[in-house]
Amino acid sequence: MVITKNKDYNEILKSLGNNKNIIILGCSECASVCKTGGEDQVVDLKKYLETNNKNVQNTKVLSTSCNFLLSKKELKELKDDLTNCDVVISMSCGNGVQTVSDILNQQVVPANDTLFVGEKIRSGIFEENCRTCGECLLGRTAAICPVTRCAKGLLNGPCGGAKYGKCEVNEENDCAWIEIYNRLLELDKVELLEEVYPIRSYSESSSKRSINNRRKK
Amino acid sequence: MINSKLETALNNNKFAITAELAPPKGTDFSRILGIAQELFQYVDAVNVTDFQSASVKATSLALCIELANRGIQPVLQITGRDRNRIAIQGELLSAAHFGIQNILCLTGDHPTSGDNPEAKPVFELDAIGILKTAETLMKGIDLGRNELSPPFPQFYCGAVTSPEYSPIELELIQMKKKIKMGAKFFQTQGVFDIKTVEDFSNQTKDMNTNILIGIIPLKSPGMARFMNRKVPGIEVPDNLIHLLEKSSNKTEEGIKIAADFIMELKDRKICNGVHIMAIGAEDNVLKILDKAGLIG
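No experiment lies behind these values; they were computed from the predicted model shown.

Engineer: Any chance you could explain unusual backbone geometry here in plain terms?
Structural biologist: Working note: non-glycine residues mostly have negative phi, and peptide bonds are mostly trans. All names here are of chain B. Here the bond from Pro150 into Pro151 is cis, since omega is 0 degrees, no more than 30 degrees from zero. Along the chain, Pro151 turns up in the loop between α5 (127–138) and β5 (156–161). Residues other than glycine seldom take positive phi values, yet Phe123 does so here, at roughly 50 degrees. Topologically, Phe123 is positioned in the loop between β4 (102–106) and α5. Relative accessible area serves as the criterion here: at 5%, Phe123 is assigned to the buried category.

Engineer: Can you help me understand the sheet that holds strand β7 (residues 125–130) of chain A in this one?
Structural biologist: Whether parallel or antiparallel, the strands of a sheet pair through hydrogen bonds between backbone atoms. Residue and element names in this part refer to chain A. Read across the sheet, three strands follow the order β1-β6-β7 without closing on themselves; strand pairing throughout is antiparallel. Two strands bound the open sheet, and with one partner strand each, they are β1 (2–6) and β7. Sheet twist, expressed as the average angle between the axes of neighbouring strands with direction ignored, equals 70 degrees. Examined bridge by bridge, strand β6 (residues 112–122) and β7 share five bridges and lie antiparallel to one another. The residue of β7 that forms the bridge with Val117 is Cys130.

Engineer: Would you explain the packing of aromatic side chains in this entry?
Structural biologist: Given two aromatic rings, one states the distance between the centres and the angle between the planes to describe the pair. Residue and element names in this part refer to chain B. On inspection of all chains with the given rule, the structure shows two aromatic pairs over all chains. Consider the rings of Tyr156 and Phe185, whose centres lie 5.2 Å apart with planes at 25 degrees: the pair is stacked. Of this pair, Tyr156 sits in strand β5 while Phe185 sits in strand β6 (residues 185–190), placing them 29 residues apart in sequence. An identical accessibility class is assigned to Tyr156 and Phe185; each is buried.

Engineer: Before we go on, may I ask you to explain the pairing of strand β5 (residues 107–110) of chain A in this structure?
Structural biologist: Each regular strand carries side chains that alternate between the two faces of the sheet. Residue and element names in this part refer to chain A. Pairing geometry for strand β4 (residues 87–90) and β5, over four bridges, is parallel. Each residue of the ladder has a partner; that of Val87, found in β5, is Gln107. Between the parallel pair β4 and β5, the chain is carried across by helix α6 (residues 94–103), and the sense of this crossover is right-handed.

What counts, and at which threshold
Residues numbered from 1 in each chain as written. Chains lettered and ligands numbered in written order. Predicted model: local features only at pLDDT ≥ 70, side-chain atom pairs only at ≥ 80, totals over all residues. Heavy atoms only, no water. Helix = DSSP H or I, 4+ residues; strand = E, 2+ residues; numbered from the N terminus. Buried < 20%, exposed > 50% of the residue type's maximum accessible area, 1.4 Å probe, protein only. Pairing = 2+ DSSP bridges. Axes fitted to C-alpha atoms, helices over the stretch in contact; angles between N-to-C directions. Phe/Tyr/Trp six-rings, centres within 6.5 Å; stacked < 30°, edge-to-face > 60°. Right-handed = clockwise from strand over helix to strand, strands pointing away.

Here it is in structure tokens:
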């Protein structure tokens, strides 16, 4: 899931400038779970903007903001309002904002900051566990991601800087590699640590990535 | 090319001695070069730290070149914190050009622990990756599989380890990987307990590698307690802290503790040498060596 947090309403208001007519779009996927773009948050932002003299023409919680064709279809229902509006606010992740912007011929501004791909531990508690690096090594690391959880993103074991099992960068965090070691020990798979992980290539991930499974081989 | 004195010493089972110096935070190398001049005849190599404690200083390579030009064999310390693979390979080729053979490969402290904590960390290569890189260059190619022009560099590579690390089994796995990637010697974090060295010696016996035990001269009980609390891999036993507390000259007491420890290590033949890290008090290294009977 993509974890987001609301920007300060004041900042959102500023990003609207002198524009008056506004449409707010939510997203019923991740942003709803994060309570940053569900029905309640859309209503909340609407109230705030109206007390600050904005005219919120319409609101809609899209099913999946980042689904281009689906959002395009759903946005057709707002066609009339969209022609008259000045700015669209998207209460989704950074991807949803861009999908909506690709569909509409309007200025689109984000209501959220996109933080990480993460897990909902329980209501209101989220944790980052995957950096979407494109080369998953969880199979060798007892399903604990060192790219994300090790402050140095090391692929070949600990740096040696842990004190009392805690990370040298943040004493509140456990050393990811000691966690990996302990879990491999439980699984009786410590030998997985003995193999040297080859030096990684960053050539694929250093520019925008895309997949096209329809392209003919 | 002159052979590495450190390599020769370790291959001949001589009790090897290295000491660590840091480039200055500034542009004047004279003080540190003066210390190196006094030391060099008594040590097998002088380590030069690479932005020690993730803090801005002159570079390790610059001081290594100054030492090499004076006939003092350095150990170039190189970390993965500030350089990607292009810069690391360039640094290693440059070192080879200046006749610097001894390389110590480290992962490096995180920038947040240093004096420019806002810096973006690199860590593209860790210690194991840097060892692999040096090994690759020695074969006449770079990591991109491009050929180097001859002559190819010759390095004598080492790495670090921490005998007090917990869990030690994990540290031993790391050591084996470093050996596999070309580490010929290890310099350890500071150790203060002979029992730790004994255990470590037994745990690493099968690795057939060279281990230089780290020696940090204590300057005060406060320093010892601080390191126990904050510095990874450091465990100063209480009896040493009491000795320092009772002593009227704490620096001298620290020097004596270090010298006694070195003599015991040498007598009991449980390591291949020592690596002295007199952080900020490099003048004391000579006194330690003298007290340990390693001069003259």
